[in-house]
Amino acid sequence: MIPETFRSAKVLIVDDEPAMVRLLEQLLEREGYTNLKATVDPREVLACYAAFQPDLILLDLRMPHVSGLQVLARLKQQTAAEPYLPVLILTADAAAETKRRALAAGASDFVTKPFDPTELLLRVRNLLEMRFLHQELRRQNEGLEAQVHERTHQLLQTEKLATMGNLLAGVAHELNSPLSVILGRVALFEAAAPDERARECAQGIGEAAERCVRIVRSFLTMARRHPPERGHVALSQVLQDAVELLAYELRVADVEVRFDLAADLPPVWADGHQLQQAAVNLIANAHQAMREAPPPRRLHLAARWDAGSRRVHIEIADTGPGIAPEIQARIFEPFFTTKRDGEGTGLGLALTRGIVEGHGGVIRLESRPGAGARFLIELPMGVAPATRDDPGALDAALPVPGKSILVVDDEQAVASMLAEALTRDGYTVDTAANGAAALRRLEVQRYDLIISDSGMPVLNGPELYREVERREPRLARRFVFLTGDILNPRIQEFLEGIDAPRLDKPFTLDSVKRVVRRVLLAQ
Ligand SMILES: Nc1ncnc2c1ncn2[C@@H]1O[C@H](COP(=O)(O)OP(=O)(O)OP(=O)(O)O)[C@@H](O)[C@H]1O
Ligand SMILES: [Mg+2]
């Protein structure tokens, strides 16, 4: 008996003698073939082929109206797109020439009548096996082609995102210095404002500028160019705070919030603000999606600790309409949105992914249309460095009297704003446009502290630092770096290797004052 796959193979028998047709049918049926079709009229072969789609054709050569060879020629045209359609010729004519012509016309094999049933069945089986192998090969090829297509698409997508990320990071980065100037100047103006109206005006400008700072930071985070400001973060708190921020909207939309937060979650070493922003983005999306779906609306937030991988698993799931498979691959792209103009910018998930990956984690989506969306995040626990200034530490911003400061920055607007602010606080301040100019000043004047930009022409911040370290090691310990140049990996590496505090542009005057005080009072 034949194996299961062969039983349903479709065999078409073409012979003008009904007795021969019956004989073949009986033979094949007894062997286990169940899917047989026969015709005694060779003119019907093409129609039979089209309707039946056989896996094998048994074809008599000598027939009235149309000869077997003619049938072969017509079949050849019609079956050109098939992987391999075997035709077994049954003929009483054993002449070599006949066989040659049939083979040339597309026949696969021969059996000479009267035939030995065992031989016939063996050939049928071999030919079918060949047919199935060809089909399998074609399926695999198609699968491979689809895979190659998909990978190429992914590569192009990654490339596009990388370009877009670079572009965004470049623009955001260019905005850092002017924003520092605006923030500083506004703070100076506010402090010296002639009346209440002017002060309010200054505050308004300050708040708008701070908003710009947050947007710039988001862009840099998205392009993973902004290093997270890390501390010990309790993830349960982050999730609860994020829900709290959107509590009103969730309540109005009648959304029930369920927490499932494991009690043994260790604190992670992470940027709490960024993680909260990521959670807010996901919750806002869930809220917006659920408004489109009928109640009950449920938001599920879960977090658990996986001791094996030392990762925290976070899940944010909703009962909204879910996300259609065809857009699932695109939702993390910047500016991809399905929301109306003005309702969504398409940055939420791109930013969220930037944050998660910036922390060494991964984020993925599970969603079936109609069954809600589930975002899953895995975050490594992270390790706190042994010595590092806690950026959250609150140093007083009060001036230290009688000290002199050298401000080095090639951006004149930044240098003069800092000089003015620090002079108002009672410091003696000079400015220099690059490292070389700073060294010339150091030859004629003694300073207690240097605030220096990192990337500058002629002699940059690190080069100035090394030279000062050589000449005046004590002053090198009183160095504060301004970094707008987080894009430059060499400077980044240098800053990680030394102990000097740094202020990322755009900075606030307040943070400058605190750092200046801390460094002046140290040791
Ligand atoms: N929970 C969700 N349920 C259904 N669709 C979602 C969900 N979250 C995201 N999406 C889909 O992914 C798209 C991209 O989301 P993303 O947060 O990046 O941008 P947005 O929400 O459209 O705009 P923005 O967040 O900038 O206001 C959305 O427009 C929406 O189609
Ligand atoms: Mg969103």
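Residues numbered from 1 in each chain as written. Chains lettered and ligands numbered in written order. Predicted model: local features only at pLDDT ≥ 70, side-chain atom pairs only at ≥ 80, totals over all residues. Heavy atoms only, no water.

Undergrad: Go over the site of ligand 1 with me, naming the residues and quoting the values.
TA: If you check the shell around ligand 1, you find 20 residues, and the closest are Asn-285, Thr-337, Thr-338, Lys-339 and Thr-345. Separating an oxygen atom of ligand 1 from a backbone N or O atom of Gly-346 is a distance of 2.9 Å. Look at ligand 1: alone it shows 600 Å² of surface, and the protein chains cover 90% of it. Of all the secondary structure elements, the ones that give two or more residues to the shell around ligand 1 are helix 10 (272–290), helix 12 (348–358) and strand 12 (373–380). In terms of residues, the shell around ligand 1 owes the most to one element, helix 10, which gives 4 residues. (Near = heavy atom within 4 Å. Polar contact = N/O pair within 3.5 Å; in protein donor to acceptor, adjacent residues only side chain to side chain. Areas by Shrake-Rupley, 256 points an atom, 1.4 Å probe, with all protein chains shown as cover. Helix = DSSP H or I, 4+ residues; strand = E, 2+ residues; numbered from the N terminus.)

Undergrad: Break down the environment of Glu-256 for me, citing the residues and quoting the values.
TA: When you line up the elements, Glu-256 lands in strand 7 (residues 255–261). The class of Glu-256 is partly exposed, set by a relative accessible area of 36%. Along the primary structure Glu-256 and Arg-298 are separated by 42 residues, whereas in three dimensions their C-alpha atoms are 4.8 Å apart. The contact partners of Glu-256, leaving out residues within four places of it in the chain, are Arg-297, Arg-298 and Leu-299. (Buried < 20%, exposed > 50% of the residue type's maximum accessible area, 1.4 Å probe, protein only. Contact = heavy atoms within 4.5 Å.)

Undergrad: Go over the environment of Leu-442, please, and point to the residues and values.
TA: Within the secondary structure layout, Leu-442 lies in helix 14 (residues 435–444). A residue is classified by how much of its surface remains accessible, and Leu-442, at 13% relative accessible area, is buried. Sequence separation between Leu-442 and Asp-341 is 101 residues; the distance between their C-alpha atoms is 56 Å. Those residues in contact with Leu-442 that sit more than four places away from it in its chain are Leu-406, Tyr-447, Ile-450, Val-468, Glu-472 and Leu-475.

Undergrad: Report on the packing of helix 8 (residues 235–245) against helix 10, specifying residues and quantitative values.
TA: It is at 9 Å that the axes of helix 8 and helix 10 come closest, and there the two elements cross at 50°. Judged by the angle between their axes, helix 8 and helix 10 are oblique. Both helix 8 and helix 10 take part in a crossing whose hand is right-handed. Residue-level contacts link Leu-235, Val-238, Leu-239, Asp-241, Ala-242, Val-243 and Leu-245 of helix 8 to Gly-272, Leu-275, Gln-276, Ala-279, Val-280 and Ile-283 of helix 10. For the contact of helix 8 with helix 10, the residue count by class is 10 nonpolar, 2 polar and 1 charged. (Axes fitted to C-alpha atoms, helices over the stretch in contact; angles between N-to-C directions. Parallel < 35°, antiparallel > 145°, perpendicular 65-115°, else oblique. Left-handed = near helix turned anticlockwise from the far one by under 90°. Nonpolar A, V, L, I, M, F, W, Y, C, P; charged D, E, K, R; others polar.)

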